Amino acid sequence: GENVEQHPSTLSVQEGDSAVIKCTYSDSASNYFPWYKQELGKRPQLIIDIRSNVGEKKDQRIAVTLNKTAKHFSLHITETQPEDSAVYFCAATWGGGADGLTFGKGTHLIIQP
Amino acid sequence: GAVVSQHPSRVICKSGTSVKIECRSLDFQATTMFWYRQFPKKSLMLMATSNEGSKATYEQGVEKDKFLINHASLTLSTLTVTSAHPEDSSFYICSARAQRMGGEQYFGPGTRLTVT
């Protein structure tokens, strides 16, 4: 089955700086890669996703890049703000999202004021 | 749009009893629903995939007779934890997917189960 590795487990950045979280996946058949933000005790919120036919996708301060050859994808957050503090999970699946998601272990992002 | 609800949000039960958790898609028809479990400060682990009108598909290591899933309609899936034990205490989260929205999964708010 699919295995997703996520790094780092904790990331502390100064407010206004950029944050990068990296994930690798093992199954070359995976073709859908969403990123979720989860605040303590709350549901995961989809913040951005990318499909395997695209190399990069951007939505305001958030961007995701995908390297299919190397089987890794990354989340980039620019101009970080205190409200960006949360746990971020990457995930992978195949079938364009028709299958269940395999999640990474999560990154606790801390924005220092 | 894409709102998913879960009920109850918290439940405490005694060992040996059964607990039912409901997952509803409120403003779309969910062709597929998924059930995940999340232990404190851990990641989400897929338990099973539920398609309306058919039997659920369980992930390896998940006991289908212990975690009963029923997907009776395009807006409702239920998870019943039977003969609960303290080690079943966890955060159970469902997600729903609608083909018309491109396949993204939207999560419910989760149910905190505590077995005493």
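See the structure printed just above.
All figures in this text were calculated on a predicted structure; none of them were measured in a lab.

Engineer: Outline the sheet that holds strand 1 (residues 4-7) of chain B, listing residues and values.
Structural biologist: Neighbouring strands of a sheet are bound in pairs by backbone hydrogen bonds; such pairs are parallel or else antiparallel. All names here are of chain B. If you walk across this open sheet you meet the four strands as 1-3-8-7, and the pairing is antiparallel. Looking along the sheet, the strands with just one partner apiece sit at the ends: strand 1 and strand 7 (67-73). Pairs of neighbouring strands in the sheet enclose a mean axial angle of 15°, with direction left out of account.

Engineer: Which residues make up the pattern of salt bridges, and what values do they have?
Structural biologist: With the rule as written, the count across this model stands at six salt bridges over all chains. Residue D49(A) pairs with K57(A) through a salt bridge whose shortest N-O separation is 2.8 Å. According to the relative accessible area criterion, D49(A) is buried, its value standing at 7%. By relative accessible area, K57(A) is classed as partly exposed at 36%. Between E104(B) and R51(A) there is a salt bridge, and its shortest N-O distance comes to 3.8 Å. Pair noted here: E104(B) is in the loop between strand 9 (90-97) and strand 10 (105-107) and R51(A) is in strand 5 (residues 45-51), and the two residues belong to different chains.

Engineer: Tell me about the packing of aromatic side chains, and please be specific about residues and values.
Structural biologist: All names here are of chain B. Here the structure, examined in full by the defined rule, presents twelve aromatic pairs over all chains. On the basis of an interplanar angle of 40° and a centroid distance of 6.4 Å, the ring pair of F67 and Y92 is categorised as tilted. In this pair, F67 is assigned in strand 7 and Y92 in strand 9, connecting sequence segments 25 residues apart. Note on Y92: relative accessible area 0%, which makes it buried.

Engineer: Hey, could you go over the side chain of Q6(B) for me, with residue numbers and the actual values?
Structural biologist: All names here are of chain B. Here Q6 is to be found in strand 1. The exposure class assigned to Q6 is buried, which follows from its relative accessible area of 9%. Within the structure, Q6 has its side chain in polar contact with the backbone oxygen of Y92 (distance 3.0 Å). If sequence neighbours within four positions are ignored, Q6 has contacts with I21, E22, C23, W35, Y92, I93, C94, G108, P109, G110 and T111.

Engineer: Run through the interface of chain A and chain B, naming residues and quoting values.
Structural biologist: Each partner contributes residues to the interface: chain A has 21 residues there, and chain B has 21 residues. Of the roughly 1,500 Å² buried between chain A and chain B, counting both surfaces, carbon and sulfur atoms make up 51%. Between the two partners, chain A and chain B, sit one salt bridge. Summed over the shared surface of chain A and chain B, the result is seven residue pairs in polar contact (both at pLDDT 80 or more). Those elements that provide at least two residues to the side of chain A that touches chain B are strand 4 (32-38) and strand 5 of chain A. Among the residues forming the side of chain A that touches chain B, the class breakdown is eight nonpolar, seven polar and six charged.

Engineer: Can you lay out the sheet that holds strand 8 (residues 72-77) of chain A for me, pointing to particular residues and giving the numbers?
Structural biologist: All names here are of chain A. Pairing is antiparallel across the open sheet formed by five strands, whose spatial order is 1-3-8-7-6. Among the strands making up the open sheet, the edge pair consists of strand 1 (4-7) and strand 6 (56-59). Averaged over all pairs of adjacent strands, the angle between strand axes in this sheet comes to 15°, irrespective of strand direction. Relative to strand 8, strand 3 (residues 19-25) runs antiparallel, the two sharing six bridges. Bridging from a neighbouring strand, T24 pairs with H72 of strand 8.

So, how was this worked out
Residues numbered from 1 in each chain as written. Chains lettered and ligands numbered in written order. Predicted model: local features only at pLDDT ≥ 70, side-chain atom pairs only at ≥ 80, totals over all residues. Heavy atoms only, no water. Pairing = 2+ DSSP bridges. Helix = DSSP H or I, 4+ residues; strand = E, 2+ residues; numbered from the N terminus. Axes fitted to C-alpha atoms, helices over the stretch in contact; angles between N-to-C directions. Salt bridge = Lys/Arg side-chain N within 4 Å of Asp/Glu carboxyl O. Buried < 20%, exposed > 50% of the residue type's maximum accessible area, 1.4 Å probe, protein only. Phe/Tyr/Trp six-rings, centres within 6.5 Å; stacked < 30°, edge-to-face > 60°. Polar contact = N/O pair within 3.5 Å; in protein donor to acceptor, adjacent residues only side chain to side chain. Contact = heavy atoms within 4.5 Å. Buried area = accessible area lost by both parts, 1.4 Å probe. Nonpolar A, V, L, I, M, F, W, Y, C, P; charged D, E, K, R; others polar.

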